[in-house]
Every structure is written in C-alpha cells, then in structure tokens.
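So the chains spell out like this:
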Amino acid sequence: MSGGNGVTPVLDMIAVTKTYGQGDSAVTALSEIDFHADPGEVVLVMGPSGAGKTTFLTIAGALLKPTSGSVTVSGINLIEARDSDLPDIRREKIGFVFQSFNLLEALNATENVTLVMSASRGGSPHRARELLNMMGLSHRLKSLPKNLSGGEKQRVAIARALANNPDLILADEPTANLDAARGREFMLLLKQIAVEMQKAVVIVTHDHRMREIASRIVWLEDGTFRVDVATAKDPVCNRVIEIEGAPNVEYASLRFYFCSDSCKDLFAKEPVRYAGRGG
Amino acid sequence: MLLVARKNLFSERTRLAISVGGVALSVFLISLLLSLYRGWDEKVGGYVEQANVDIWVGSTGTRDFLSAASIVPLDQTATLNNIPEIKVWAPIIVRPVQGIKVKFPERTDKDAEGEKMDMHFVGYDTEKNIGGPIKVIEGKDKPGPGEVIIDKALAKRYDVHLNDIISAGGTRWTVAGISEGGDFVVSQTVFVSLTDAQATLRMPNQATFIGIQLADGVNPDEFTAETEKQIPQAVAFTRVEFAAATRDIILGNILPILLVVLVLAFIVGLAVSGLTIYTATIEKGREYGIIKAVGFKNSYLYRLVFEQAIVTGAIGFIIGVGLTLSFGSFASSQVPQFVTLVHWQDLLAVLGATIVMSLLAGYVPVRRLAAIDPVEAFKA
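Cut-offs used in this document
Residues numbered from 1 in each chain as written. Chains lettered and ligands numbered in written order. Predicted model: local features only at pLDDT ≥ 70, side-chain atom pairs only at ≥ 80, totals over all residues. Helix = DSSP H or I, 4+ residues; strand = E, 2+ residues; numbered from the N terminus. Rg over C-alpha atoms; globule rule 2.2 N^0.38 Å. Buried ≥ 20, exposed ≤ 12 C-beta atoms within 10 Å, placed from the backbone. Contact = placed C-beta atoms within 7 Å. Pairing = 2+ DSSP bridges. Nonpolar A, V, L, I, M, F, W, Y, C, P; charged D, E, K, R; others polar. Axes fitted to C-alpha atoms, helices over the stretch in contact; angles between N-to-C directions. Parallel < 35°, antiparallel > 145°, perpendicular 65-115°, else oblique. Left-handed = near helix turned anticlockwise from the far one by under 90°. Core = buried A, V, L, I, M, F, W, Y, C linked by C-beta atoms within 7 Å. pLDDT = per-residue confidence, 0-100. Expected span 1.5 Å × (residues − 1). Bend = angle between axes of the 7 residues up to and from the residue.

## Thoughts on the overall build of chain A
- Counting its secondary structure elements, chain A contains 8 helices and 14 strands.
- Its C-alpha radius of gyration of 20 Å places chain A within 12% of the 19 Å reference for a compact globule of 279 residues.
- Across its three principal axes, chain A shows a C-alpha extent of roughly 60 × 50 × 40 Å.
- Looking at the 279 residues of chain A, the share that counts as buried comes to 48%.
- Restricting the contact set of chain A to residue pairs at least 6 apart, pairs at least 24 apart contribute 64%.

Structure (structure tokens):
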C-alpha cells in the first residue's frame, strides 16, 4: 500500500466501518473511511464532538477492531492479527499521547518511560533518560508526576510514546490541558518529532492552533471524512468548527462563527473581548 | 518483582500498613493459637508419655490419667509377679487434690494458710521408682516421709520454693524437690511416697493404677490384653494410648473452639487484606486501563495485583510470626498456663494459609481488571 506520494504509509485505513450494536439500535460511528499517515507528516483529525474521532483513534491504535475494512500499522494487518497479539502491536508499533497525560502516579518520569519498553530493549533506564533529556527534562528524571507541570507531564508522555521507537504516534487532544505557551511549545515538539525522527503523527484535536504544524488536516463528521470543508475558529471557545450551518453574527464588518448558540450569546455580551480572536 | 507493583504498594504507606496489619494480626492469632495448642498438647500428655511405665493398668471404666476414679485392689495383682514378660511393676496412686501454701508454718490457724492450689497427688514406689518425677531439677530426687516433690510450673505459679510447707489431704508437707515434666496446664503433679499417699488418701492396699515395665523385646501393644486377663475388672493401656486419651480429655473440648477461632482469624486477615487490595485496584482502575492501552496484557495486570497481595502477605507473615514469638514468651512468663510451643511445621502451614489468603485477596480485584476497557484511557 502506498500513500499519495509513493511512500509506504505507516497507518493505512481502507474502507473502515465501525458499527456499535445491532438491528434498530445499531449506530455507525465510522462509515467506509479511508485514511493514511506517512512518515514525517503530522495529520490533524478535526471535527465536532460525536463525529467518531475517538472511535477512529481507538481503531488506528489497535484497541478496537472495525466492523469491516482494513487497517495496517507499520505493515501489520490489524484485522488479521489475533486479539492476543494486539497489546504487543500497540506496545511495539504505536506511541500514545493522551489528553490527560495518563502517567502512572507512583512512578517517576524515568520509570514511566522505562515501563513500556519492551523486554527486547531491556527496559533500559538509559534510553529512558536519553528520551527525557531530548524532551528537555534532564532535571526531572526522578520527579513524580504530581511534581511536574502540565507541559512537563505531556513531554514525559511523549518520551513514553517514543520508548519503543514506534513509527506511529497517536495523540488525543494533546494540548487540551496545556496553557497557550505550553501548548505551542508542545505542538512544535510534535512537529519536530515527525520531521526529524520520521514518525507519522496523527492528532485528534479541537485546538485550531495545531493547524500551524499540520501537514494535512482532515475533517471527520458523522463518521466520514469530508473534503473542502470551510472552517473557522469559534472566538469564544477557540474550537475549530465547520462554517456551514454554524451560528454566526457579523461584527465590525467581519463574520464570526460559533460552535453553539451559547458561545454566540457570550460573544454578543462582550464582542470587544472576543472579536480579535476569531473569524 | 514488577516495578509498578512495588511502587504502587509502597507509595501508599497507610493502605499498606492497614493491609499488612490485617494479615499480621491474622497470622499472629493463627500461629499463637497453634503454638498454644502445641504447648498444651506437649504438656498434657508429656508426663504419661515420658514416665517409665510401658503399660498403665486401671480399673474398668478408666479412660485417662487425669480424670481417673480408678481403684485397683492390690490383693488381685500378685499374679503379675509370675509373668515373665513383666520386668517390674508397682502401684501408683493419683488423685486430684487441692493444696494450700502455708505462709506461717509455725501456726495452725486458718489465717496461716495462703493461696489454694490445684494439683495432682502422685504417690509412687520410691524403691522401684515407677511413675515418679520425669526429671528433678532442684532438691531431693525422691520424697521421704512427709515430703513432696512439686512440679516447677506449680512452684512458679504459686511461688513455692524448696523447704516451703504446703498443706494437702489434711497433712502438711515439706517441699523437698522440684521437678519438671509434670505440668498438665490445668494442674500440676506433686509426688509423694506411695506409703504417704496411701495413708493420706486412705487407700490402704489400693492403687489408682498399676505401672508395668516390660522385659526387653516385649511389644506393649501385644501385651495389654494379657495384662487385662491377669487382673480382674482391669483395663490396660500402652503409654501411647494413655497419653493420647489424656490429651483428648483436655484438648478434645478445646479443639473445636480453637478451629473456629482459627477460621475467624483467617477470615479477618482475608477480609482486611482483600478489601484494601480491592479498593486500591478500583482506585487505580484508570491507571490499569492506561497500562492496557499502552500495550500490556491482562496477564501482566494479574501479576501486578497478585504480587502486591503476595508481598503484603509476606510482610504480614513476618510481622505476625515475630509477634507470636515475642508475645508468646512474654505471656508465658506472666501466665504459667500460657504454654506455647512453636513448631516449624506449623509456621509452614501458617505460611501456606497466608499465601492462600493473599491469592484469595487478589482474586476478586483481578476479575475486575479483566473487565477494564483500555479505551477508558482516552477519556479526559
């Protein structure tokens, strides 16, 4: 299988459908989606809540098998793999970065990274320290998560994701719990990892700032990827939203779009405060 | 040990202390009760087992040494002299009596007497030396007229010393020796000469038991029936049988109670360690989900929980056994009836029970772990 540029994609999903339940109560979370992520690129998956982003991520992350379609990660067909092999595939081939950092509280930074290292890599604290140093955490090697800032925790999470040198990094709202400065710093780090280490980085996010580092952006809505979607940033909650059908107002000769009426109402109360942030 | 198991366990010291405390308490109770049982078992049957008597003969209906109401007329025992398999035999008189330590020997009034003591008078033939003290550790090795040799447990319990005077059976006796091996826990032996015992207990030409020593090579098991034929209305026991029956009288009633307490102690330990391990697992449910999400199998999580349970059990076992050893010796020094004997076989059994306890404590949370969905890790 090959991506559009002739490079073998790290993640390749073809005609993937995921349906929960059966009969009248069946809900289709993903419908016949095609997706690929190549080494060195950062792909943003955006879309409204309930669009199927989490289902997409869990299928791409070998946590869930689709109802139909094909999913390949680093050349391994996840559909054909036995359920008992999926944990090893996740551990060896995929790095996860979660919204809530998800570090183990009883382990320090080095131990959190060492934990996931495969036995074949010896669970080496040396490599863990190397990765943490690379993340600028050389002074935090022995720190417990409770003593780390949000940005530091997320960098430990990145080091953990890279522990087994996987080709694919899946990130779920990685900047959601970070302030603007930390968020930007983290974003650039992800970009650097993708380019310098030739990893495919797939990010599910609502954060419009991430567009800055994206090689591609795909819009997931109602279980399918849509093309040519015009988007705007909600100036109140900063979410990226599809323009079509969104509540909107005109202010100072500019049109502003909102994810919901409540954001629109907030804007209406203090337009000066929000006007410089969206559009 | 797995890194996460160790870290999880020791990062929450209070929970660990509660869990270990529960197991330690359980181990302490179980091993203390077992050692108490062993101690009593050894004491209660010890005299009968160690006395130089191969066959004990009592009147029909006799079942054990302590509660014997046996009376053997000595004019019916002469035939024993003609049996070549018998090396030597002698009458033994045994009666439970209440003695009193005399505080002021020079006085005869009631106020001269001190604490009352439960004891077993044992009158034996000091010449043939059958049924006498197992080992004399102080003073004379045979009681003379008006003299007694008392067991050291009695001496310690009632603070009786050599040359003290005790009153028993309406007679005053001088403590001429102190022996060991005659402690039945509920009472202790006081040895007097057969002549003195017959006179004091008004049992002329009678005995409670006949003690028989067999010639070399004679099997006691095969000779009891022959003995019963020789003495009318008699029943004969080997020393092993008689010791077992005596133990059964004291311990037979205690054993069911002991078993109930042992089971309760096990349940207490299981409940405390099980609950703490269960709550710890539930609280860390999200972390276990993360561990699954990043590529670990259920089997790894099971190991985590079982290792935590086993380590908790091991620490609890060590502390519990330590408590048993230290408390057992302390309690014995304060309360003479608190006789403990720690057997390594019992400790092994308690260790086994602790391992079972730990595995059971880990079993319920492990089932919960299997149901954790790694997708939970994606929830904020």
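## A look at the overall build of chain B
- Secondary structure summary: chain B contains 10 helices and 12 strands in total.
- In terms of C-alpha radius of gyration, chain B reaches 29 Å, well past the compact-globule figure of 21 Å for 380 residues.
- Along the first, second and third principal axes, the C-alpha atoms of chain B reach 95 × 55 × 30 Å.
- Within chain B, the fraction of its 380 residues that count as buried is 44%.
- If you take every contact in chain B between residues at least 6 apart in sequence, the share linking residues at least 24 apart comes to 83%.

## A few points about the pairing of strand E6 (residues 147-151) of chain B
Residues and elements named next belong to chain B.
- The buried fraction of E6 amounts to 4 of the 5 residues, a majority that puts the element mostly inside the structure.
- In the sheet, E6 pairs with strand E8 (residues 171-180) via 5 bridges, with the strands oriented parallel. Paired with Ile-150 across the strands is Ile-178, a residue of E8.

## A word on the environment of Lys142(A)
All names here are of chain A.
- Along the chain, Lys-142 turns up in the loop between helix H4 (125-134) and helix H5 (150-161).
- When the 10 C-beta atoms within 10 Å are taken as the criterion, Lys-142 is described as exposed.
- Placed 122 residues apart in sequence, Lys-142 and Lys-264 show a C-alpha to C-alpha distance of 46 Å.
- If we ignore the near neighbours within four places in the chain, the residues touching Lys-142 are Asn-108 and Thr-110.

## Examining the interface of chain A and chain B
- Contacts between chain A and chain B engage 22 residues on the former and 17 residues on the latter.
- Broken down by secondary-structure element, the contributors of at least two residues to the side of chain A that touches chain B are helix H1 (53-60), helix H2 (86-93) and helix H3 (109-116) of chain A.
- In terms of residue count, H2(A) provides more of the side of chain A that touches chain B than any other element does, 4 residues in total.
- Considered class by class, the residues forming the side of chain A that touches chain B number 12 nonpolar, 5 polar and 5 charged.

## With respect to the packing of helix H2 (residues 13-50) of chain B against helix H7 (residues 254-283) of chain B
Residues and elements named next belong to chain B.
- Contact geometry for H2 and H7: axes closest at 8 Å, N-to-C directions at 165 degrees. If you check the angle between H2 and H7, you find them roughly antiparallel. You can see that H2 and H7 cross each other, and the crossing is left-handed. Residues Arg-15, Ile-18, Ser-19, Gly-22, Val-23, Leu-25, Ser-26, Val-27, Leu-29, Ile-30, Leu-33 and Tyr-37 of H2 form the contact with H7, whose own contacting residues are Leu-258, Val-261, Leu-262, Ala-265, Phe-266, Val-268, Gly-269, Val-272, Ser-273, Thr-276, Ile-277 and Ala-280.
- Class assignment for the residues of the contact of H2 with H7 results in 17 nonpolar, 6 polar and 1 charged.

## Topic: the sheet that holds strand E3 (residues 42-46) of chain A
All names here are of chain A.
- The strand order E6-E7-E8-E3-E9-E10 describes an open sheet built from 6 strands, whose pairing is mixed. In this open sheet, the two edge strands, each paired with only one partner strand, are strand E6 (94-97) and strand E10 (224-226). Between one strand axis and the next, the sheet turns by 25 degrees as a mean value, whatever way the strands run.
- When E3 meets strand E9 (residues 216-221), the two strands line up parallel, connected through 4 bridges. Within E9, the residue paired with Met-46 across the bridge is Trp-219.

## Comments concerning the sheet that holds strand E5 (residues 76-77) of chain A
All names here are of chain A.
- Pairing is antiparallel in the open sheet, where 4 strands are placed in the order E2-E1-E4-E5. Of all the strands in the sheet, just strand E2 (27-37) and E5 have a single pairing partner and so form its edges.
- Note that strand E4 (residues 68-73) and E5 share 2 bridges and pair antiparallel. Along E5, the bridge assignment pairs Thr-72 with Asn-77.

## Details of the nonpolar core
- Counting residues in each nonpolar core, the largest one holds 127 residues, and the members touching the most others are Val201(A) and Val202(A).
- Ranked by the residues each element gives to this core, the list is headed by H2(B), at 14 residues.
- Beyond its immediate stretch of four places on either side in the chain, Val202(A) contacts Leu11(A), Ala37(A), Val43(A), Val45(A), Ala60(A) and Leu170(A).
- The next biggest cluster of nonpolar side chains, apart from the first, holds 56 residues, and it includes Met119(B), Val175(B), Ala176(B) and Ile231(B).

## Looking at the confidence of the model for chain B
- Overall, the prediction assigns chain B a mean pLDDT of 88, with 98% of residues at 70 or greater.
- Under the prediction, the complex receives an ipTM of 0.78, its pTM being 0.74.

## Quick look at the packing of H2(B) against helix H10 (residues 344-370) of chain B
All names here are of chain B.
- In contact at an axis separation of 10 Å, H2 and H10 are set at 150 degrees when each is read in the N-to-C sense. As summarised for this structure, H2 and H10 are arranged roughly antiparallel, according to the angle between their axes. Relative to H10, the crossing made by H2 is right-handed. Facing H2, whose interface residues are Val-23, Ser-26, Val-27, Ile-30, Ser-31, Leu-34, Ser-35 and Arg-38, H10 presents Asp-346, Leu-347, Val-350, Ala-353, Thr-354 and Met-357.
- Taken together, the residues of the contact of H2 with H10 break down into 8 nonpolar, 4 polar and 2 charged.

## A short note on the confidence of the model for chain A
- For chain A, per-residue confidence averages 87 on the pLDDT scale, and residues scoring 70 or more make up 94% of the total.
- Looking over chain A, one finds the lowest element-wise mean pLDDT in strand E12 (residues 240-242) of chain A, namely 76, and the highest in E4(A), namely 95.

## A look at the environment of Ala225(B)
- Note on placement: Ala225(B) falls in helix H5 (residues 220-230).
- It is 9.1 Å that separates the C-alpha atoms of Ala225(B) and Phe237(B), two residues lying 12 residues apart in sequence.

## Description of H5(A)
- For H5(A), built from 12 residues, the straight-helix expectation of 16 Å at 1.5 Å per residue is met to within 8% by its first-to-last C-alpha distance of 16 Å.
- Close packing links the buried residues of H5(A) with E6, H3, H4, strand E7 (168-172) and helix H6 (180-196) of chain A.

## What to know about unusual backbone geometry
Residues and elements named next belong to chain B.
- Notably, Asp-159 is not glycine yet its phi reads approximately 55 degrees, a positive angle.
- Along the polypeptide, Asp-159 turns up in the loop between helix H3 (152-158) and strand E7 (165-168).
- Backbone geometry at Arg-202 places phi at a positive 55 degrees, although glycine is not the residue there.
- Mapped onto the elements, Arg-202 comes out in the loop between helix H4 (194-200) and strand E10 (206-207).

## Some words on H2(B)
- With 38 residues, H2(B) should cover 56 Å at 1.5 Å per step; its first-to-last C-alpha distance of 51 Å lies within 8% of that length.
- The principal kink in H2(B), of about 30 degrees, is found at Val44(B).

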